[in-house]
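Commentary on secondary and tertiary structure
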Amino acid sequence: MVKCGFISDERILEIIEEHPEQAQNPHSAQLRELIERAIAVKAAVVGRDPKEAGLREALNYGHTLAHAIELAERYQWRHGAAVSVGLVYAAELARSLGRLDDATADRHRSVLQLLGLPTTYRDDRWNQLLEGIRRDKKNRGDQLRFVLLSAQGQPATVEIPDASILYATYQEIAEPETTGPVSL
């Protein structure tokens, strides 16, 4: 849901910020609205790009690093937890490339923390993560590609010219601890 808030429907983020407890309550009107809004975002994107010609890549926002984390963790992390870290990483990458303003980048971390989701990952796993990133379906040959925001609601697939940029950005989310959620 948070991903859909950043790529399209800012009201999703506002609801979470206004009612973080209700956003996680399975009986709340707020969670129902969040689910409906997220489904509407996904349906609109898929409806405009049913054959995955490009626009649909926006639904992979945060997923490039997330899939690499899942692989490194042998699928013991929940998908949502991995995507949470991936969203923060994508925001930091967009910020480091000068594409995204500080407030929007920082909002990623704050919204996800309101939900109790992880926003960092182990610093000793970079080589494994880079191998996972290289396997991503958005890549073209050796060219690494990420879905990044240029502003709230403005995702685009961006080619990353140098993997050293990825490593430098990873330092923004790396934690020295070797503990983390194994299974949430």
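Note: the structure precedes this text.
Summary of the structure given here. Just so you know, these numbers come straight off a predicted model, no measurement behind them.

**Here's the deal with the environment of Val158**
Within the fold, Val158 resides in strand E3 (residues 155-160). Judged by relative accessible area, which is 11%, Val158 ranks as buried. With 20 residues separating them along the chain, Val158 and Lys138 place their C-alpha atoms 9.8 Å apart. Here Val158 is in contact with Arg99, Leu144, Arg145, Phe146 and Leu148, once residues within four sequence places are set aside.

**Concerning the packing of helix H5 (residues 79-96) against helix H6 (residues 102-114)**
Put simply, H5 and H6 touch, their axes get as near as 9 Å, and they point 170° apart. One way to sum up the angle between H5 and H6 is to call them roughly antiparallel. Read as a crossing pair, H5 and H6 show a hand that is left-handed. Contacts between H5 and H6 involve Ser84, Leu87, Val88, Ala91, Glu92 and Arg95 from the first element and Asp102, Ala105, Asp106, His108, Arg109 and Leu112 from the second. When its residues are assigned to classes, the contact of H5 with H6 shows five nonpolar, two polar and five charged.

**Quick look at a nonpolar patch on the surface**
On the surface, Met1, Ile35 and Ile39 cluster together into a nonpolar patch covering about 270 Å² of accessible area. For Met1, the position within the fold is in the segment before helix H1 (2-7).

**Examining the environment of Arg95**
Counting through the fold element by element, Arg95 comes out in helix H5. What makes Arg95 partly exposed here is its relative accessible area of 22%. Along the sequence, Arg95 and Leu149 sit 54 residues apart, while their C-alpha atoms lie 9.0 Å from each other. In this structure Arg95 touches Leu100, Asp102, Ala105 and Asp106, once residues within four positions along its chain are discounted. A polar side-chain atom of Arg95 sits 3.0 Å from a polar atom in the side chain of Glu92. At 3.1 Å, the side chain of Arg95 forms a polar contact with the side chain of Asp102.

**A short note on the pairing of strand E2 (residues 144-149)**
Of all six residues in E2, six are buried, a share of seventy percent or more. Side chains Leu144, Phe146 and Leu148 project from E2 onto one buried face, and the interleaved Arg145, Val147 and Leu149 project onto a second face that is buried too. Where E2 folds back on E3, the antiparallel hairpin that results is connected by five residues, among which Gly153 adopts a positive phi of roughly 75°.

Definitions and cut-offs
Residues numbered from 1 in each chain as written. Predicted model: local features only at pLDDT ≥ 70, side-chain atom pairs only at ≥ 80, totals over all residues. Heavy atoms only, no water. Helix = DSSP H or I, 4+ residues; strand = E, 2+ residues; numbered from the N terminus. Buried < 20%, exposed > 50% of the residue type's maximum accessible area, 1.4 Å probe, protein only. Contact = heavy atoms within 4.5 Å. Axes fitted to C-alpha atoms, helices over the stretch in contact; angles between N-to-C directions. Parallel < 35°, antiparallel > 145°, perpendicular 65-115°, else oblique. Left-handed = near helix turned anticlockwise from the far one by under 90°. Nonpolar A, V, L, I, M, F, W, Y, C, P; charged D, E, K, R; others polar. Patch = residues over 30% accessible without salt bridge, like charges linked within 9 Å, V, L, I, M, F, W, Y side chains within 5 Å. Areas by Shrake-Rupley, 256 points an atom, 1.4 Å probe, with all protein chains shown as cover. Salt bridge = Lys/Arg side-chain N within 4 Å of Asp/Glu carboxyl O. Polar contact = N/O pair within 3.5 Å; in protein donor to acceptor, adjacent residues only side chain to side chain. Pairing = 2+ DSSP bridges.

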